[in-house]
Each structure stands twice: as C-alpha cells, then as structure tokens.
Amino acid sequence: MKEKRLQIHPLGWNIILGTLFGRMSTSMSIPFLAIYLTQVKHLSPAVTGMIIAASSLVGIVSSFYGGFLSDFLGRKTVLLISIFSWSLVFVGFFFADKVIAFFVLNALNGLCQSIFEPSSKALLSDISKEENRLQIFNLRYTAINMGVVFGPILGLKLGSAESTFPFLIAGFIYFIYGMSLIYSFSHYTIDTKDEKEEKIKLSTAFHVTRKDTVFLAVLLGIILSISGYSQFSSTLPQYFAEQMKNGVKLFSLFLSLNAIVVIIVQYPIVKVMNKFHPLNSIILGNIFISLSLLSFSFTSNPLILSIIVIFFTIGEVMMFTMTDLLVDHIAKPGLKGTYFGAIGFNRLGNVIGPWLGGLLLESFGVHHSFYMFLIIFITTISGIPALMFSRNKLKKMSALKKTVSANKLTI
C-alpha cells in the first residue's frame, strides 16, 4: 500500500520557505551583534550583555500577548504587521549608532519575533489536517536548522562582526517574506474553525491558560529541560575554552556536528516517536540531554566528547520536534494562537540555564566540573516529574472522553 503524499497548503509552503530564509538572514546578523558592539563600537561586555538580553526578556513578556493577538485580530493581520515591522527593525540596525538605539532595536527584535512566530505556528495548524501537523511542524523545524547552518557562514563572508550591512540585507529578506505573504493571502483562501469562532477577551484567555494545570506543568517541565539545553551555547563553550588548549576550535566543530546531526536524525526520530505520545518523546529527550551534560565532566577526549554531543543532539531533536504538536493537542478551541504564545515562556530556561551555568563555573571551576555538571543534571532532569504529571492527566482525560463517547453510542 502506497504511503499518502503529504499535502501542504500554499500558505504553509510560504511559511516554511519564509522560515528558512528568515532564519538564515537572522543568523547571519544577530549572532555577530555582540562581537560588533564590543570590537567596533567598543562597548563594555556588561552593556553588550544588556543589549543582547533585551531581546529574550521582551520575548518572554510579550509572547503570550502575541499569540493572543493572532486569535483576537486574526492570523493575517498579525502576521503582516509583525513581519513588516521586523523588516524595519533590521533596517534600523543598519543605521544605528548610539547604545540606546541598539538596546531599543534588539528589544523590538524580540517583540516582533514573539508576535510573529506563535501566529505562524497557529496558522500552520489551522491550514493543515491533524494527521499531517507533525510532519509540517517538523518541516518548519528543518527550515530553521537549515537556515542556522548557512546563516553564520554568510555572516562571516559578509563581515557581520565588523559591519551592520548584513542587517540591511536581513531587512530586505523579511520585506520580501512579507510581500510573499500578501500574495499568498490574496490568492488562497483560509477556511478554519478558529478564525470563525467568537473572539475571546484577553482576560478570558489569560484565565483559561492560568487554570490549565496540564499546560502549566508542561511549561514548567520544558523550562527546566531548556535550562539544560541552553548550556550547550552558554556554559560549554566557556568550559571547553578553559579546560583545553584548542577548546574554542573544538567547540566550533561541535556546533557544526550538532547542526549536521539534527538534519540527519530528525526524520527517523520523528517517524519512530510519532507512534507514541508527544510527552514520551519530550521526557526521553530530557533524559538524553541531562545524561549528556553529566557525561561532559568525565572526559576531555575529543572523540568521546563528539559521541556525547551526538547523544545530546538526539535529545534536543526528541524534545523540540514534538513540542509544537503537543501544544496543538493541549490548546483549547479558539485559543490556539494564545497557547503557542504562552509556551514562549519556556524562554525562561534560556535565562535560568546560562545564569546557573555561569555561577557554577565560577564557583567550581573546570577542575571540579563534576559538581557543576551534577547540579545542572539535577536541575534539568527535575523537569521530568512535571512532564509525567501532564502525560498521566492527558491519558486520563483521553480515556474519559472515549468512555463518554462509548456510553453515548449505547444509549
């Protein structure tokens, strides 16, 4: 029997391809901003850190509201306003000269991202059949990783560390992305249940998500999981640089290895884990990441470290490929965008993780790294009880629904 061909709405292809080029343009500019600010603008590391952190902090605060707006105003309106605003933000970086300008622009960068991304995920869910959503969400995840693979290479070629010119190119790419969305929205109709339902007030949306214990437990578990995942780009490069003579070069190779492994293993893992509940995959991903982090303390052998990085990456894929599908399952009717926005609070893990890792590295140093990685391991794996709680609650709710449906059929 032939496998059914995956059908993707033209707007879905627009989002996926736009994500590829958008992430490519972002990763050829934003990652080099810290280097540009310290080496070209001669700002202190502390001030530079504040500017870089502004994006994540604003994103954490505004993500919920960005998702809600897509439910309240409609996907089209929110997507178009945010994408063209994002384009202007990147152009602004090109002209920026003062510290306050960079701070405001990077805060706006986080704001635009936190509004656009939940809306785009909700739109992908709206225009796709339930049985196809996992594959479509993972095509978007592949597009993100492909963009991140090639973006930094382009950034190096364009001199992103010495110039803001790449930001101008990024702004142009996002403008083209916005124009393509205008074309797609004008040529293809969207007929979704969520768009037709009565608009829900912000207070109602906040109340529903705040009272959703399953979702809150998932959010807590994912925040703790991401606090471990974030060590890969925060604590580990510092650890390798201090521990080994060629630590910086080795970590650069590990970054490439991580991206390559993501692309190779993503679809085989998704094919296997699709047979199970999404939370099983996220829990297993947490275990892989936690154990990998602890394992880094036992060796400095490049080959063994490479194997650990591969296991870490497998955990990363297990966790992130299933998160969007899980949120789609949990979301209440008419609040899909709100839930995709609310899950953005998981960025707290990206704040907690680097802070904890830096504090532990300063306290224990590379010569007592076992204690550092042990505490990180305990912090990360402590997310599993919350994830298991959610899984068990969802299973009970599913069983109850089946029982009610069966009883109705017998009446």
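As the structure is a computational prediction, the values presented were derived from the model and not from experiment. (Residues numbered from 1 in each chain as written. Predicted model: local features only at pLDDT ≥ 70, side-chain atom pairs only at ≥ 80, totals over all residues. Heavy atoms only, no water.)

Enquirer: Looking at this structure, I do not really get the overall build of the protein. What am I missing?
Expert: A count of helical and extended segments in the protein gives 18 helices and zero strands. Relative to the 2.2 N^0.38 estimate, which gives 22 Å for 411 residues, the radius of gyration of the protein is 22 Å and therefore close to what a compact globule would have. Expressed as a percentage of the 411 residues in the protein, the buried residues total 52%. Pairs at least 24 apart in sequence give 84% of the contacts found in the protein among residues at least 6 apart. (Helix = DSSP H or I, 4+ residues; strand = E, 2+ residues; numbered from the N terminus. Rg over C-alpha atoms; globule rule 2.2 N^0.38 Å. Buried < 20%, exposed > 50% of the residue type's maximum accessible area, 1.4 Å probe, protein only. Contact = heavy atoms within 4.5 Å.)

Enquirer: What is the right way to look at the pattern of salt bridges in this model?
Expert: A side chain with one charge can pair with a side chain of the opposite charge if their charged atoms come near. One pass over the full model with this rule turns up eight salt bridges. The closest approach of N and O atoms between glutamate 117 and arginine 23, which form a salt bridge, is 2.6 Å. Highlighted residues: glutamate 117 in helix H5 (residues 99-126) and arginine 23 in helix H1 (residues 10-27), separated in sequence by 94 residues. Using a relative accessible area of 11% as the deciding quantity, one classes glutamate 117 as buried. Linking aspartate 328 and arginine 133 is a salt bridge whose minimum nitrogen-to-oxygen distance equals 3.0 Å. Within this pair, whereas aspartate 328 is found in helix H14 (residues 302-330), its partner arginine 133 is found in helix H6 (residues 133-158), the two being separated by 195 residues in sequence. Look at the salt bridges and you will find they share partners, linking Arg23, Glu117 and Arg140 into a network. (Salt bridge = Lys/Arg side-chain N within 4 Å of Asp/Glu carboxyl O.)

Enquirer: Could you clarify how one ought to interpret helix H16 (residues 348-364) in this entry?
Expert: Side chains that are three or four residues apart share a direction in an α-helix, a result of its 3.6 residues per turn. When the terminal C-alpha atoms of H16 are compared, their 24 Å separation across 17 residues agrees well with the 24 Å that a helix rising 1.5 Å per residue should span. All of the buried residues in H16 are Gly349, Gly353, Leu356, Gly357, Leu360 and Leu361. Buried positions in H16, seen along its axis, are confined to an arc of 130° and lie on one side of it. Exposed residues on H16 whose side chains face more than 90 degrees from its buried face are Trp355, Glu362 and Ser363. Those residues of H16 that are buried lie in contact with helix H10 (213-229), helix H11 (235-243) and helix H17 (369-381). (Expected span 1.5 Å × (residues − 1). Arc of directions from axis to C-beta.)

Enquirer: Mind showing me how you'd approach the environment of methionine 24 here?
Expert: Checked against the element boundaries, methionine 24 lands in helix H1. Given the relative accessible area of 16%, methionine 24 is considered buried. The contacts of methionine 24, once residues within four sequence positions are left out, are Gly147, Phe150, Gly151 and Leu154.

Enquirer: Can you help me understand the confidence of the model for the protein in this one?
Expert: Keep in mind that low pLDDT regions are not for reading the predicted coordinates in detail. In the predicted model, the protein carries a mean pLDDT of 85, and 91% of its residues have values of at least 70. The secondary structure element of the protein with the lowest average pLDDT is helix H8 (residues 193-196), at 45, and the one with the highest is helix H13 (residues 278-295), at 96. Counted against residues more than four places away or in other chains, residues 192-197, with its pLDDT under 50, gives 12 contacts. (pLDDT = per-residue confidence, 0-100.)

Enquirer: Explanation requested: the side chain of glutamate 117 in the structure shown.
Expert: Of the polar contacts made by the side chain of glutamate 117, one reaches the side chain of arginine 140; its length is 3.5 Å. Apart from residues no more than four positions distant in its own chain, glutamate 117 is found in contact with Arg23 and Arg140. (Polar contact = N/O pair within 3.5 Å; in protein donor to acceptor, adjacent residues only side chain to side chain.)

Enquirer: Help me understand the side chain of serine 29, please; the structure alone is not making it clear to me.
Expert: Relative to the elements of secondary structure, serine 29 occurs in the loop between H1 and helix H2 (33-39). A polar atom in the side chain of serine 29 sits 3.1 Å from the backbone oxygen of threonine 26.

Enquirer: Would you take a moment to explain the packing of H13 against H14 for this structure?
Expert: Packed helices, taken two at a time, are described by the angle their axes make and the gap between the axes. At a closest axis distance of 7 Å, the pairing of H13 and H14 adopts a crossing angle of 155°. When the interaxial angle is binned, H13 and H14 end up roughly antiparallel. Seen from above, H13 lies across H14 with left-handed handedness. Here the residues of the contact of H13 with H14 sort into 16 nonpolar, seven polar and one charged. (Axes fitted to C-alpha atoms, helices over the stretch in contact; angles between N-to-C directions. Parallel < 35°, antiparallel > 145°, perpendicular 65-115°, else oblique. Left-handed = near helix turned anticlockwise from the far one by under 90°. Nonpolar A, V, L, I, M, F, W, Y, C, P; charged D, E, K, R; others polar.)

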